[in-house]
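A look at the structure
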Amino acid sequence: TGLGYRRIGLMLDQDENSRVNYSWLGGYLAAQAMSEGTKLEPLVTFSTDSGRRVSAWLRRTRPDAVIGFGPKPFLTLRALGYSIPGDMAYAALDVEQFHLDQVEDVTGINQNLPLIGATAIDILASQLYHNEQGLPQRPVFSMIEGFWVDGQTAPSRRPAG
């Protein structure tokens, strides 16, 4: 909503969503509860889904912006004939995933993968130093804050000035 979008939808693959312990879905629902925008039902997809399910969701919810992880939702929207950002804006939960598919200038979050990797190495080195092996009895979760990247897929709708 900071860019002026009011009908923000979420498209997530079930496997990607479960991999992050449903944090993205939970964050989306929490943001909806705190915002004044229209509350759209999220679309959780499965690898067997066809474009028909996505099309039905788009017709039902009519988002003016969509949030998704990786290029698959973005490419699905384009394959269905939607212009981004013409018909709707798109923000990625990880803009670096798009560079793997040669899609440039995507708006969204850079998850700061170099710092995530460095933190993982630090945790592993600490476990080795303390002679810890196997899965920990009480795992510790590290949260590395990402940062927003302005791109071409979600221009501001706010008046200039």
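One can find the structure itself at the top, above this paragraph.
A brief report on the enclosed structure follows. (Residues numbered from 1 in each chain as written. Predicted model: local features only at pLDDT ≥ 70, side-chain atom pairs only at ≥ 80, totals over all residues. Heavy atoms only, no water.)

1. Here's the deal with the overall build of the chain
Put simply, the test is: In this text, helices come from DSSP runs of H or I with a minimum length of four residues, and strands from runs of E with a minimum of two, each type numbered from the N-terminal end. The buried label goes to any residue with under 20% of its type's maximum accessible area, the exposed label to any with over 50%, and the partly exposed label to all in between, with areas taken from a 1.4 Å probe on protein chains only. Throughout, a contact is declared for two residues whenever any of their heavy atoms are within 4.5 Å. Note on areas: Shrake-Rupley, 1.4 Å probe, and residue coverage restricted to the protein chains presented here. For the purpose of counting charges, residues Lys and Arg are taken to be positive, whereas Asp and Glu are taken to be negative. His and the chain ends are not included. By convention, the point assigned to a charge is CZ for Arg, NZ for Lys, CD for Glu and CG for Asp.
Across its full length, the chain carries six helices and six strands. Each helix (α) and strand (β) of the chain, taken in turn from the N terminus, gives the series β-α-α-β-α-β-α-β-α-β-α-β. In terms of its C-alpha atoms, the chain occupies a principal-axis envelope of roughly 55 × 45 × 35 Å. Of all 161 residues assigned to the chain, the portion counted as buried reaches 34%. Counting only contacts in the chain whose residues sit at least 6 apart along the sequence, the fraction spanning at least 24 positions is 64%. With an accessible surface of roughly 10,300 Å², the chain has 55% of that area assigned to carbon and sulfur atoms. For the chain, the distance from the average site of its 14 positive side-chain charges to the average site of its 17 negative ones is 12 Å.

2. Some words on the environment of Gly-108
By secondary structure assignment, the location of Gly-108 is in strand S5 (residues 107-110). Each C-alpha atom, one on Gly-108 and one on Thr-153, is 8.8 Å from the other, the two residues being 45 residues apart in sequence. Setting aside residues no more than four positions away along its own chain, Gly-108 makes contact with Ala-91, Ala-92, Val-95, Phe-147, Trp-148 and Val-149.

3. Observations concerning the nonpolar core
The following threshold applies: As used in this record, nonpolar core signifies buried Ala, Val, Leu, Ile, Met, Phe, Trp, Tyr and Cys residues forming a set joined through side-chain atoms within 4.5 Å.
Core analysis: the biggest nonpolar cluster contains 14 residues, and Met-11, Val-66, Leu-77 and Tyr-90 have the highest contact counts within it. Breaking this core down by element, the ones donating at least two residues are helix H3 (51-61), helix H4 (71-79) and strand S4 (89-92). Counting residues in each nonpolar core, the second largest holds eight residues, with Leu-10, Leu-25, Phe-69 and Leu-93 among its members.

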